[in-house]
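A closer look at the structure
This is what each chain is made of:
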Amino acid sequence: MDITNLKGVGAKRAHALQSAGIFKVEDLLNYFPRDYDDRSKVKTVVELMPESINTIRGVIAHDPESVNLKRYNITRIKIKDHTGLLEIIWFNQPYLKKNFIKGSEYIFTGKVRQNGPTLQMQAPDYELVGETQLTGGRIVPMYTTPKGYSQKTFRALIYKTLELCAKNLTQENLSEELRKKYGLCNREYAVRNIHFPESDEAFLTARRRLVFEELFFMQIALLEIKNTVAEQEGIALEETDYTQILDKLPFSLTNAQAATLDDIKNDFTSGRRMNRLIQGDVGSGKTAVAFCAAYLAAKNGFQTAIMAPTDVLASQHFAHCVELFVPLGYEAVLLTGSVGTKARREALAKIRDGTADIIIGTHALIQKGVSYHNLGLCITDEQHRFGVNQRMRLTQKGEMPHTLVMSATPIPRTLGLILYGDLDISIIGELPPGRQEIKTYCVTSQYRERIGGFILKETEQSRQVYVICPAIEESELSSVTAYTSKLSASLPNIKIAALHGKMKPTEKQEVMDDFKANKIQVIVSTTVIEVGINVPNATLMVVENAERFGLSQLHQLRGRVGRGTAQSYCVLITDAKNNQTTARMKAMTQTTDGFRLAELDLEQRGAGDFFGTRQHGLPAFKIANLYRDLDLLEIAQEAAREFKAPASFLSAQIFI
Ligand code: ADP
Ligand code: MG
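What counts and how
- Residues numbered from 1 in each chain as written.
- Chains lettered and ligands numbered in written order.
- Predicted model: local features only at pLDDT ≥ 70, side-chain atom pairs only at ≥ 80, totals over all residues.
- Heavy atoms only, no water.
- Core = buried A, V, L, I, M, F, W, Y, C linked by side-chain atoms within 4.5 Å.
- Buried < 20%, exposed > 50% of the residue type's maximum accessible area, 1.4 Å probe, protein only.
- Helix = DSSP H or I, 4+ residues; strand = E, 2+ residues; numbered from the N terminus.
- Contact = heavy atoms within 4.5 Å.
- 1 Å grid on protein atoms, 1.4 Å probe; cavity = no way out; pocket = protein on both sides within 12 Å on 5 of 7 lines; lining within 4 Å.
- Points joined across faces, edges and corners; volume = space filled by probe spheres on them.
- Nonpolar A, V, L, I, M, F, W, Y, C, P; charged D, E, K, R; others polar.
- Patch = residues over 30% accessible without salt bridge, like charges linked within 9 Å, V, L, I, M, F, W, Y side chains within 5 Å.
- Areas by Shrake-Rupley, 256 points an atom, 1.4 Å probe, with all protein chains shown as cover.
- Salt bridge = Lys/Arg side-chain N within 4 Å of Asp/Glu carboxyl O.
- Near = heavy atom within 4 Å.
- Polar contact = N/O pair within 3.5 Å; in protein donor to acceptor, adjacent residues only side chain to side chain.
- Sits in = over half its atoms within 2 Å of the grid points.

1. Quick word on the nonpolar core
- Judged by nonpolar contacts, the single largest core of 49 residues is most densely connected at Leu17, Leu28, Phe154, Leu157, Phe212, Leu215 and Phe216.
- Sorting the residues of this core by element identifies α1 (11-19), α2 (25-29), α3 (151-169), α4 (176-182), α5 (187-195), α6 (200-231) and α20 (630-642) as the ones contributing at least two each.
- Looking at which element gives the most residues to this core, the answer is α6, with 11 residues.
- Not counting the four nearest positions on each side in its chain, Leu157 is found in contact with Leu6, Val9, Leu17, Leu28 and Tyr149.
- Formed by 42 residues, the second largest nonpolar core is a distinct cluster that contains Ala256, Ile306, Ala308 and Ile379.

Now the structure itself:
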């Protein structure tokens, strides 16, 4: 059922909900709280604790008053219970006055202060007693609210929806046997109690069940891939001489690259289906290996699809492919959001009839309308940006194609086995020769002027620069553009351009092209450029508010420079002084080893500070937290191994 069918959800609200990923009523029920506030203990006036948040229940003792003072307005009510009186005030909300009627009973949650002799509660959450109690007197859920919703209105929407639909829309998807064996509650109970827990215990029971469910289906998906692959015969390639493409590359492969390519070649000829992960630090040259593999496939008459997470990265790969493959008589096509209708139609036709040998694109590659002629090899770049099911969907486009996934993000072994357990792994453990260690500095914003001088110096030597400013989505545009104009004003002689997620794909492409051609010297950007971008002439990376990024992400960002033989630099700017930030910055200035940084990152996360699982290559979970729920993960893994179900059951589930 679509959310527009819900009462009170008009076009505007529907849009806000959709922006938060809520399209169907089921999605709303599966939109779990980010946090809870335990307001189940209701106090009396004498029990109130000043300077802390309290919940109290009381009857309005007088008619509310609303007073206009010089600078502001105060709305004041007094409530009483059997132990005394409490004053409650709001600033500048005179309209609240009409909400409170003398003699009615309300429940309030807010901060209490001693104001002279009077105990006062300021601007509390409130609710009439007698209605269903949602904001007080219980454990109250807190959501990441969609635009235009307050906690209160969103909570009410969820509550109402649960009342109306929970029975029908929380269909059980774990067998009774399984639930019994692992002590899991039923789905309806879990969904109800994850939103409005009846007690701490009920919450834990609900969460455990939902975490298990999420991890279980992920494990099933992984095992499914693994089993299918292990059993499967693969396309055996015959022609494995790739001298031609090696001659086209402007460098010779490092030993590690060559060894990885050997692994791939062995898979190709083994008669088994390849399912291989290439793990190599940023800048280790994974792309060249992927292209050589694509060449072998093309030479044997098979198509290769290369999927990248962003338009910009896909276009970059495409440009490379054209350069390499067209002279060898092969054709490459691009399929992304920035490709126009006509070009798209042409590309689709070429993919279908087999004219296209190398097909490069974003998620567009796995869409319905794309059908391949004879897909022999699927490559996903920056795999950690995709879910397991997207990887699967790409391979399902062909008949048992070989699969190659690439990732720079090292993940700890325990998690690696679980998440990539279905893959063989090749590691590119060395960087191409001639690379110099990127010199990394951490400074405060007082150095900004000197950094301007640094930027100028690099550009004078015809080098190029990235400046990253972090921005919350809402203000992304303004922060990047404001920064760009400020920098342009202070450095009038160099060409500086902004690049951010709100730009049209074609605009982004234009900026990237000009940057590659050194027509633009400095790009001011958010993390759009974080993955994969390769402009070897860029030698300076400046990261503003570096404290906002996790270690792995900083490492990815830094990896945008130091891609050529010139000395490169990374300057991290932060004014944050807390221990964690200091430790992170120190690690960045002391090591450029991605594996070491990933370990440190995890240690820090273990201490409770999270930056999102994305940078670690772990799929985004709705509720599970792999650092906290490792024990449940093990149980889910065991359950998944024992589980046998028809394939139709699997494809009906949504995972990851
Ligand atoms: P990543 O592994 O991060 O995807 P890329 O494939 O983008 O790295 O390669 C980084 C840079 O190193 C590119 O400019 C690429 O041309 C260059 N490169 C790759 N392999 C070699 C090599 N064997 N010798 C010299 N340069 C190389
Ligand atoms: Mg790459």
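Structure's up, so let's keep going.
2. Concerning the layout of surface pockets
- Taken as a whole, the second largest pocket spans an internal volume of roughly 790 Å³.
- In terms of lining residues, the second largest pocket is bounded by 34 residues, among which Phe251, Gly285, Thr287, Ala288 and Asn534 are the most central.
- Those elements that place two or more of their residues in the lining of the second largest pocket are α9 (286-299) and α10 (311-325).
- A breakdown of the residues in the lining of the second largest pocket according to their chemical character gives 12 nonpolar, 14 polar and 8 charged.

3. Details of a nonpolar patch on the surface
- There is a patch of nonpolar side chains on the surface, built from Leu69, Tyr72 and Phe91 and spanning about 270 Å² of accessible area.
- Considering the arrangement of structural elements, one finds Tyr72 in the loop between β3 (65-68) and β4 (73-81).
- Classification of Tyr72 by relative accessible area gives partly exposed; the value is 38%.

4. Regarding the site of ligand 1
- In the vicinity of ligand 1 lie 17 residues, with Gln257, Gly283, Lys286, Thr287 and Arg435 positioned nearest.
- Ser252 has a polar backbone atom sitting 2.9 Å from a nitrogen atom of ligand 1.
- One nitrogen or oxygen atom from the main chain of Ser284 is found 3.4 Å from an oxygen atom belonging to ligand 1.
- Protein contacts shield 86% of the accessible area of ligand 1, which totals 570 Å² for the unbound molecule.
- With respect to the detected pockets, ligand 1 is housed in the second largest pocket.
- Its residues assigned to classes, the shell around ligand 1 shows 5 nonpolar, 8 polar and 4 charged.

5. Considering the side chain of Thr591
- Relative to the helices and strands, Thr591 is located in the loop between α18 (579-590) and α19 (594-606).
- Residue class for Thr591 comes out buried when judged on its relative accessible area of 18%.

6. A look at the pattern of salt bridges
- According to the stated counting rule, one finds 21 salt bridges in the structure shown.
- Of the charged contacts, one joins Arg209 and Glu172 as a salt bridge, the two residues approaching to 2.7 Å between their closest N and O atoms. Of this pair, Arg209 sits in helix α6 while Glu172 sits in the loop between α3 and α4, and the two are 37 residues apart along the sequence.
- Residue Arg209 is classed as buried on the basis of its relative accessible area of 0%.
- Since its relative accessible area comes to 32%, Glu172 is described here as partly exposed.
- Close ionic contact of Asp267 with Arg276 constitutes a salt bridge, the shortest N to O distance being 2.7 Å. Arg276 shares its class with Asp267; the two are buried.
- Residues joined in a network through salt bridges with shared partners are Glu172, Arg179, Arg187, Arg209 and Glu213.

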